[in-house]
Amino acid sequence: MILFQLTTYARSAPLRWGFVGCGRITNDFAAVIDALPDTDHTVFAFASRNVSRADDYACRFGAAKSYGSYEALAKDPDVDVVYIGTINPTHYEISKLMLANNKHVLCEKPLTLIGAQAAEIFKIAESKQLFFQEAILTRFFPATIRMQDFAKTAVGDIRLVTAYLGQNSATSLRHVRKQLGGGSVKDRSGYVLQHALAVLGNDLPDKISAVGQLNNETVDSTAAIELQWKDGRMASLGFSLLTTVMPAEANIYGSSATIKMPDTFARPTAVQLINSANTTIENYPLPTVLDHRTFLANAAGMIYEAQEVRRCILAGLLESPLLTHKDSLTILAIQDEVLKQIGVSYDSLYANGVFVGSSLEPELQAPVLKPVSCPNFYH
Ligand SMILES: NC(=O)c1ccc[n+]([C@@H]2O[C@H](COP(=O)([O-])OP(=O)(O)OC[C@H]3O[C@@H](n4cnc5c(N)ncnc54)[C@H](OP(=O)(O)O)[C@@H]3O)[C@@H](O)[C@H]2O)c1
């Protein structure tokens, strides 16, 4: 296993987190870091393209520093690890910026819009001996880990894996606009694909078949994927940006039992093992109640991901064994193929590797969740 040298980060010190992009998921992940012991994790700095936004986040979470550019945060020598919570098309550039400045990184999913971009990022991280992790949070939940145990020991031969995920995001611009990296494949399929690969293995399927419905911006609103390996492994997956009631359920059907991950399997708190004699239900309640308001249901479950990042960095790991670089690359390669089959391309969003679709910013700002104790930074 590859280890890096612990040069800038002492084992006894708290991990100082820098947050890039002050939107919804950054709010939620900062709330999670704030809930963890101060001896282990610190909400240290925020960066936004709009400094008053970074000031607001820093005030609400008690961070020491706020920056009006992502570059300024990258150059702060006191930031140990960077959380990238910006819109999809920007992950590629910001990841490279942070690695160039010797930061460990946890980057939101989808890591990149194009698989080759992720391969480039991992290569840089590995060559610089930096920890780099895609933040597919599901993999770090205890219920997911238990599901993988059951899949190995309690269901016999796995015949079919299914997963469905939908929510109505029709009015959310970052979900539906191509210019912002929208589309159901890039927003939702990471969850269903990671579920299938968690129990079927992370080698590329021999057959990938996809259908999708595109919106008037030529990105997909709903899609379905069938995966098949020559040895008989199969998965059937579906997801949508336009469904109002669609339980996020996932199942693993084996020769002797079924595993059911109830709604929502993406941030699971229970796992069921069903055989012809009985049903066993194991519950994994959320680890804590957060002190801050959050946007995401079960946001507190991101604690597992944060703890895993610290564990890996302390151990000198470059990736978490719970979601490896290979796992991410296989998910992204399947997404590339699915997008090709349904006729979606994000190539036009980049010129010489730089994102060129940044004109929609004012419409996108997340609502402010300001406590009365913070000054009004918004003008
Ligand atoms: N793991 C999960 O469960 C989960 C859940 C939700 C979202 N996500 C991922 O997290 C990322 C952000 O999602 P979100 O819901 O937090 O979105 P959001 O509320 O719209 O925030 C996105 C942030 O991106 C930054 N940004 C950078 N360049 C931008 C541009 N050209 N136009 C607009 N914004 C730009 C902005 O930060 P500043 O203006 O402060 O610079 C903005 O606040 C996405 O990649 C999404 O897939 C993950």
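Being a predicted model, the structure only gives us computed values, none of them experimental.

**Q** A description of the nonpolar core should follow, citing residues and the corresponding values.
**A** Judged by nonpolar contacts, the single largest core of 115 residues is most densely connected at Trp-17, Phe-29, Phe-46, Met-98 and Ile-259. In terms of residues, this core owes the most to one element, helix H8 (residues 184-200), which gives nine residues. Once residues within four sequence positions are removed from consideration, Phe-29 is found in contact with Trp-17, Phe-19, Tyr-83, Leu-106, Met-302, Glu-305 and Ala-306.

**Q** Pulling in residues and values, what's your account of the pattern of salt bridges?
**A** Within the structure shown, the criterion is met by 20 salt bridges. Of the charged contacts, one joins Lys-96 and Glu-120 as a salt bridge, the two residues approaching to 3.2 Å between their closest N and O atoms. With Lys-96 in helix H4 (residues 91-100) and Glu-120 in helix H5 (residues 115-127), this residue pair connects regions lying 24 residues apart in the sequence. With relative accessibility at 32%, the residue Glu-120 sits in the partly exposed group. A salt bridge links Glu-337 to Lys-340; the shortest N-O distance between them is 3.7 Å. Residue Glu-337 and its partner Lys-340 are both found in helix H10 (residues 325-342); the two are separated by three residues, about one turn of the helix. Looking at Lys-340, the relative accessible area reads 64%, which means it is exposed. The network of salt bridges with shared partners includes Arg-16, Lys-65, Asp-76, Asp-78 and Asp-80.

**Q** Run through the sheet that holds strand S13 (residues 270-274), naming residues and quoting values.
**A** Pairing in this open sheet of eight strands is mixed, and the strands run S8-S9-S10-S7-S11-S12-S13-S14 from one edge to the other. In this open sheet, the two edge strands, each paired with only one partner strand, are strand S8 (207-214) and strand S14 (279-283). Across the sheet, the axes of successive neighbouring strands diverge by a mean angle of 10°, strand direction being ignored.

**Q** Before we move on, could you go through the sheet that holds strand S1 (residues 15-20) and cite the residues and values that matter?
**A** Strand order in the open sheet formed by six strands is S3-S2-S1-S4-S5-S6, with parallel pairing between adjacent strands. Only two strands of the sheet have a single neighbouring strand rather than two, namely strand S3 (65-67) and strand S6 (132-135). The mean inter-strand angle of the sheet, taken between neighbouring strand axes irrespective of direction, is 25°. Inspection of the sheet shows strand S5 (residues 104-108) paired to S6 by four bridges, in the parallel sense. Looking at S6, one finds that Glu-108 is bridged to Ala-135.

**Q** Before we move on, can you summarise the UniProt feature "domain: GFO/IDH/MocA-like oxidoreductase" (unreviewed entry) in the protein with the specific residues and values?
**A** Sequence positions flagged by UniProt for "domain: GFO/IDH/MocA-like oxidoreductase" (unreviewed entry) are, in local numbering, residues 153-259. Between the C-alpha atoms that bound residues 153-259 there is a distance of 11 Å. The span itself is 21% helix and 37% strand.

**Q** Outline the packing of aromatic side chains, listing residues and values.
**A** For the structure on display, the rule yields 13 aromatic pairs. A ring pair is formed by Trp-17 and Phe-29, whose centres lie 5.2 Å apart and whose planes are at 75°; its orientation type is edge-to-face. With Trp-17 in strand S1 and Phe-29 in helix H1 (residues 24-35), the pair connects residues that are 12 residues apart, well separated along the chain. Given a relative accessible area of 0%, Trp-17 falls into the buried group. For Phe-29, a relative accessible area of 0% gives the class buried. Ring pairing ties together the aromatic residues Trp-17, Phe-19, Phe-29, Phe-46, Tyr-57, Phe-61 and Tyr-83, which thus form one cluster. Stacked on the ring of Phe-295, the Lys or Arg Arg-24 has its end atom at 5.9 Å from the ring centre. Taking the ring centre of Tyr-57 as reference, the NZ or CZ of Arg-60 above it sits at 4.6 Å.

Cut-offs used in this document
Residues numbered from 1 in each chain as written. Predicted model: local features only at pLDDT ≥ 70, side-chain atom pairs only at ≥ 80, totals over all residues. Heavy atoms only, no water. Core = buried A, V, L, I, M, F, W, Y, C linked by side-chain atoms within 4.5 Å. Buried < 20%, exposed > 50% of the residue type's maximum accessible area, 1.4 Å probe, protein only. Helix = DSSP H or I, 4+ residues; strand = E, 2+ residues; numbered from the N terminus. Contact = heavy atoms within 4.5 Å. Salt bridge = Lys/Arg side-chain N within 4 Å of Asp/Glu carboxyl O. Pairing = 2+ DSSP bridges. Axes fitted to C-alpha atoms, helices over the stretch in contact; angles between N-to-C directions. UniProt positions renumbered as here; feature names shortened; annotations may be inferred. Phe/Tyr/Trp six-rings, centres within 6.5 Å; stacked < 30°, edge-to-face > 60°. Lys NZ or Arg CZ within 6 Å of the ring centre and 35° of its normal.

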